[in-house]
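Spelled out from the first residue to the last, the chains are:
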Amino acid sequence: MKHFDAIIIGTGQAGPSLAARFAGAGKTVAIIERNKFGGTCVNTGCIPTKTLVASAYAIHVARRGAEYGFATGDVRVDIKRVKARKDAVSGRSNKGVEDWLRGTKNCTVIQGHARFQSTNTVVVNDEVLQAGQIFINVGGRASVPDMPGVHEVPFLTNSSMMDIDFLPEHLIVVGGSYVGLEFAQMYRRFGSQVTIVEMGPRLIGREDEDISQAVREILEAEGIQIRLNAKCISLAKRDSGVVVRMDCNDDPKEVAGTHVLLAVGRVPNTSDLGLDRAGIATDRRGYITVDDQLQTNVPGIWALGDCNGRGAFTHTSYNDYEIVADNLFNADHRRVSDRIQAYALYIDPPLGRCGMTDAEIRTSGRRALVAKYPMVRVSRAYEKGETQGFIKICVDAETEQILGAAILGIGGDEVIHVLLDVMYAKAPYTVIQRAMHIHPTVAEYLPTILAKLEPFV
Ligand SMILES: Cc1cc2nc3c(=O)[nH]c(=O)nc-3n(C[C@H](O)[C@H](O)[C@H](O)COP(=O)(O)OP(=O)(O)OC[C@H]3O[C@@H](n4cnc5c(N)ncnc54)[C@H](O)[C@@H]3O)c2cc1C
């Protein structure tokens, strides 16, 4: 049996930094990875998809050359080169994580599948490792629901999408949420015919209705077909392609395509971890139950990142690392509940989001104010010829603090941080109105928009 001060399972967005923190404090740490170093974000999530989104954006702008005063002739997409660029960017990060860990003194890197044997031992490659503190950072994977026909067709997921170096003639994306929409728009821009099939009555159903509607219009304007209210979805082979059947109100009740991508949610990688041997509790969906400082029900074992169900983003996983590390090393009692919800959807234009949604504000019963402003009236957007979307900010009528905001539009993923930081400062929105912002930017409009607050209904 090998003894360490700490064992970390998984090299996602929390594990490597935590390993470095332990090692830097002179403690021995073992970090175990069964697949690719860097996990989802680096290999099959944020980094490769945002690299592909960048190619899709460049292609899209090139096609609009006449609007900007240049001609390219026919824009021809070389999907193999698009993939090669993605592989290079993603590969660089993957190598960076591995080299970093292997080069860290006091850190032992083990490749293999880890399973708990007891509350303080883990087995990997038939070797038993023991530590007083164990951290689980195993992430999640694409959910493959048990819909009829799913095992009869060669479906794609966000992971297998990373390997394709050809252009699907007609890609059907099952799932109209964050992952599905990013793939839908990029493949449309690469040249595929794309249909989104969504069970719910609108796209990105967790978002406000006006956002869902605006996103739908953006995607439809690019020629993406959208089928909503698609109940009882089933898959079947047809000729060399696939047909997705649905029982909807609208006809036709099926869509035939060449390839199908399942983007219908994520599941945690916890079923093959031997959690029962350590007595670690999960919820009914398999997410590891943690307290506000990310400790499981078993003393000495923590769960960080997507597998604890408290976040589903790279930044929430990294923030989990910061919370755990500050609690353990700095006696700084940080808590997950101090975190303000924030994320982006990387279609073009992007959606930057922070704080509460409209529905959450309504449920809270607070008296709120709201201001909404179309991007077409933002001069920076107009100058750049990218005027889709809007900015919406909600504030608490009593405290004057920002409750939530959405920026669907050019730079939305960056500009949202102006509002987010003011929220963390617990400052009233009026501080933004006293700040001098740079012209011409999207952010310079925030004071103007906040001057238009009216009752939220
Ligand atoms: C297509 C897509 C796009 C995304 N885009 C964004 C984005 O733009 N921005 C954003 O913030 N988030 C994005 N996300 C979400 C983001 O990728 C995840 O939230 C983030 O990677 C979660 O990291 P994690 O630390 O929980 O674990 P992961 O990154 O999932 O890593 C877990 C690691 O643990 C390993 N592992 C699992 N089980 C074991 C075991 N038993 N033994 C050893 N190793 C094991 C896995 O192999 C994996 O390497 C995206 C996700 C997807 C799917």
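Our structure's up above, just so we're on the same page.
Here's what I pulled together on the structure shown here. (Residues numbered from 1 in each chain as written. Predicted model: local features only at pLDDT ≥ 70, side-chain atom pairs only at ≥ 80, totals over all residues. Heavy atoms only, no water.)

Section: the overall build of the protein
Stated precisely, the cut-off is as follows: In this text, helices come from DSSP runs of H or I with a minimum length of four residues, and strands from runs of E with a minimum of two, each type numbered from the N-terminal end. With the radius of gyration taken over C-alpha atoms, the globule rule is written as 2.2 Å times the number of residues to the power 0.38. Only protein chains enter the area calculation, which uses a 1.4 Å probe; residues under 20% of their type maximum are buried, those over 50% are exposed, and those in between are partly exposed. Any two residues whose heavy atoms approach within 4.5 Å are treated as being in contact. Surface exposure here means Shrake-Rupley accessible area, sampled with a 1.4 Å probe, where a residue is shielded only by the protein chains that are shown. Just so you know, the count uses Lys and Arg for positive and Asp and Glu for negative, and it drops His and the chain ends. For this purpose, a charge sits on NZ of Lys, CZ of Arg, CG of Asp or CD of Glu.
When helices and strands are counted, the protein shows 14 helices and 22 strands. For the protein, whose C-alpha radius of gyration is 24 Å, the value lies close to the compact-globule estimate of 23 Å for 457 residues. The dimensions of the protein, computed from C-alpha atoms along their principal axes, are 65 × 65 × 45 Å. In the protein, which comprises 457 residues, the proportion classed as buried is 52%. For the protein, restricting intrachain contacts to residue pairs at least 6 apart in sequence, the fraction spanning at least 24 positions comes to 63%. In the form shown here, the protein has an accessible surface area of approximately 21000 Å², with 49% of it arising from carbon and sulfur atoms. Taking the 51 positively charged and 53 negatively charged side chains of the protein as two groups, their mean positions are separated by 2 Å.

Description of the pairing of strand β13 (residues 254-257)
Just so we agree on the cut-off: Two strands qualify as a pair provided DSSP detects at least 2 bridges between them.
Residues of β13 alternate between two faces, with Val255 and Gly257 buried on one and Glu254 and Ala256 left unburied on the opposite face. Relative to β13, strand β12 (residues 241-247) is paired through four bridges, and the arrangement is antiparallel. Opposite Arg245, over in β13, you have Glu254 as the bridge partner.

As for the sheet that holds strand β9 (residues 193-197)
Note the cut-off: As a rule, the C-alpha atoms of each element are fitted with a line to give its axis, helices using only the stretch in contact, and angles between N-to-C directions run from 0 to 180 degrees.
Within the open sheet, the four strands sit side by side as β10-β9-β8-β14. Their pairing is parallel. Two strands lie at the open edges of the sheet, namely β10 (225-227) and β14 (259-262), each paired on one side alone. When strand polarity is set aside, the average angle formed by the axes of neighbouring strands in this sheet is 20 degrees. Here strand β8 (residues 170-174) runs beside β14; their pairing, made up of four bridges, is parallel.

What to know about the packing of helix α1 (residues 15-24) against helix α9 (residues 314-329)
Describing two packed helices takes the angle between their axes plus the distance from one axis to the other. Test applied: Every angle not falling under 35 degrees, over 145, or within 65 to 115 is termed oblique; those three ranges are roughly parallel, roughly antiparallel and roughly perpendicular. Here is the rule for handedness: rotate from the far helix to the near one, and if that takes an anticlockwise turn smaller than a right angle the crossing is left-handed, while a clockwise turn gives right-handed.
Between α1 and α9, the shortest axis-to-axis distance is 9 Å and the interhelical angle comes to 20 degrees. Considered as vectors, α1 and α9 are oriented roughly parallel to each other. Helix-helix and strand crossings are classified by hand; for α1 and α9 the assignment is right-handed. Within the contact between the two elements, α1 uses Ser17, Leu18, Arg21 and Phe22 and α9 uses Tyr318, Tyr321, Val324, Ala325, Asp326, Leu328 and Phe329.

Comments concerning the site of the ligand
Threshold: Whether a residue is near a molecule or strand depends on its heavy atoms: it is near if one of them lies within 4 Å of it. Distance and chemistry together define a polar contact, namely a pair of N or O atoms within 3.5 Å, with one atom able to donate a hydrogen and the other to accept it when in protein, and with adjacent residues in sequence counting only for side-chain atoms on both sides. For this classification, the nonpolar set comprises Ala, Val, Leu, Ile, Met, Phe, Trp, Tyr, Cys and Pro, the charged set comprises Asp, Glu, Lys and Arg, and every other residue, Gly included, is treated as polar.
Taken together, 38 residues lie around the ligand, and Gln13, Glu33, Thr40, Asp306 and Ser317 are the ones closest in. A distance of 3.0 Å separates a nitrogen atom of the ligand from a polar backbone atom of Ala114. Within the side chain of Ser317, an N or O atom sits 2.7 Å from an oxygen atom of the ligand. Residue assignment for the shell around the ligand shows that the elements contributing at least two residues are β2 (29-33), α2 (39-43), α3 (46-63) and α9. Residue composition of the shell around the ligand, grouped by class: 12 nonpolar, 20 polar and six charged.

Focus on the packing of aromatic side chains
Keep this limit in mind: Centre distance within 6.5 Å is the pairing criterion for rings of Phe, Tyr and Trp, where only the six-membered ring of Trp is used; planes under 30 degrees apart are then read as stacked, over 60 as edge-to-face, and the remainder as tilted.
Scanning the entire structure with this criterion turns up eight aromatic pairs. Pairing Tyr318 with Tyr321 gives two aromatic rings, centres 5.2 Å apart and planes at 55 degrees, and the pair type is tilted. Highlighted residues: Tyr318 and Tyr321, both in helix α9, separated by three residues, approximately one helical turn. Looking at Tyr318, the relative accessible area reads 35%, which means it is partly exposed. Ring plane angle 35 degrees and centroid distance 5.8 Å describe the contact between Tyr373 and Tyr445, whose orientation is recorded as tilted.

Observations regarding the pattern of salt bridges
Put simply, the rule reads: One side-chain nitrogen of Lys or Arg within 4 Å of one carboxyl oxygen of Asp or Glu is enough to make a salt bridge.
As enumerated under the stated definition, the model contains 27 salt bridges in all. A salt bridge links Glu67 to Arg64; the shortest N-O distance between them is 2.8 Å. Accessibility expressed as a relative area gives 59% for Glu67, which makes it exposed.

Let's talk about the environment of Asp320
With respect to the helices and strands, the residue Asp320 is situated in helix α9. By relative accessible area, which is 1% here, Asp320 ends up buried. Those residues in contact with Asp320 that sit more than four places away from it in its chain are Leu294, Leu304, Gly305, Asn308 and Arg339. Polar contacts involving the side chain of Asp320 include one to the main-chain amide nitrogen of Gly305, which spans 2.8 Å.

Quick word on helix α5 (residues 79-102)
Short version of the rule: Any helix carries an expected span of 1.5 Å times its number of residues minus one.
Taking 1.5 Å per residue, 24 residues should reach 34 Å; α5 reaches 34 Å between its end C-alpha atoms and fits that length. The complete set of buried residues in α5 reads Ile79, Val82, Lys83, Lys86, Ser90, Asn94, Val97 and Leu101. Of the surrounding secondary structure, the elements contacted by the buried residues of α5 are α1, β2, α2, α3, β3 (107-111) and α6 (178-190).

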